[in-house]
Amino acid sequence: MKVPSLYAPGYEKARTIDPELAAEYVTQMWAGDPLVDAVDADLRSLDRRESTRLIQAAFEQRDNVLRDAPRSLQDFIHEVATVPPWYDRATATHGCRVFLRNSEQFLAAFAAGSIVEGFSTRISKSFAITGRMIDDGVRRLKQNLRHLLDIFLPRGVEPSGDGWKLTLRIRLVHARARANRRVGRMGP
């Protein structure tokens, strides 16, 4: 696996400490999100109206519509609509209460951290590539704050919850950005 030149010094240092973990990190760096990347590829072959209809049906888990959807979309929704056995609703509900009780502090910390991380670190490279940093920086921050709120609403991360739906949308947007990047439709 090729390591981006920006990461090469850190990768070499990591290899001396834990070669297996360093190699796995690089593998994951290039992996993307195979399940959603396949969905994006299949939806690209459909007209915009049909792909929008199928995505909406997926978010609403309308099986009667999804029966005719590409297999990749059916597999994706099946995976994300299956609540993992380790998920504990009581613990999640407690976490939601703590977050909502202290939301002002959480949101302020998140906003401050997002500004620092999003605009002064390597993370900003993806925003620069997509043109989102300058033109839509405040809007992106608001979207990130909305996502944080939606996942901390009671049952927000459970299938059909607002946080769950927004997370799926984010995964699809990221798949589209990766695909556009591969075919040279975005920046350098």
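Residues numbered from 1 in each chain as written. Predicted model: local features only at pLDDT ≥ 70, side-chain atom pairs only at ≥ 80, totals over all residues. Heavy atoms only, no water.

This part is about helix H6 (residues 71–81). Among all positions of H6, only Ser72, Leu73, Phe76, Ile77 and Val80 are buried. For H6, the buried positions fall inside an angular range of 125 degrees around the axis, keeping them on one side. Seen from the open side of H6, the exposed residues pointing more than 90 degrees away from its buried face are Arg71 and His78. (Buried < 20%, exposed > 50% of the residue type's maximum accessible area, 1.4 Å probe, protein only. Helix = DSSP H or I, 4+ residues; strand = E, 2+ residues; numbered from the N terminus. Arc of directions from axis to C-beta.)

Aromatic ring pairs are described here by two measures, namely the spacing of the ring centres and the angle between the planes. What the rule picks out here adds up to two aromatic pairs. Seen in terms of ring centroids, Phe99 and Phe106 are 5.2 Å apart; in terms of plane orientation they differ by 35 degrees. Their pairing is tilted. Residue classification places Phe106 among the partly exposed positions, given a relative accessible area of 38%. These aromatic residues form a ring-pair network of at least three members: Phe99, Phe106 and Phe152. (Phe/Tyr/Trp six-rings, centres within 6.5 Å; stacked < 30°, edge-to-face > 60°.)

It is worth spelling out the environment of Phe152 at this point. Inspection of the secondary structure assignment puts Phe152 in the loop between helix H10 (132–151) and helix H11 (162–182). With residues near it in sequence (within four places) discarded, Phe152 still touches Gly95, Cys96, Phe99 and Leu100. (Contact = heavy atoms within 4.5 Å.)

Close contact between helix H3 (residues 34–44) and H6 brings their axes to 8 Å; oriented N to C, the two are set at 145 degrees. Of the two possible hands of crossing, H3 and H6 adopt the one that is left-handed. Counted together, Leu35, Val36, Ala38, Val39 and Asp42 of H3 and Ser72, Leu73, Asp75, Phe76 and Glu79 of H6 form the full contact between these two elements. Across the contact of H3 with H6, the residue classes tally to six nonpolar, one polar and three charged. (Axes fitted to C-alpha atoms, helices over the stretch in contact; angles between N-to-C directions. Left-handed = near helix turned anticlockwise from the far one by under 90°. Nonpolar A, V, L, I, M, F, W, Y, C, P; charged D, E, K, R; others polar.)

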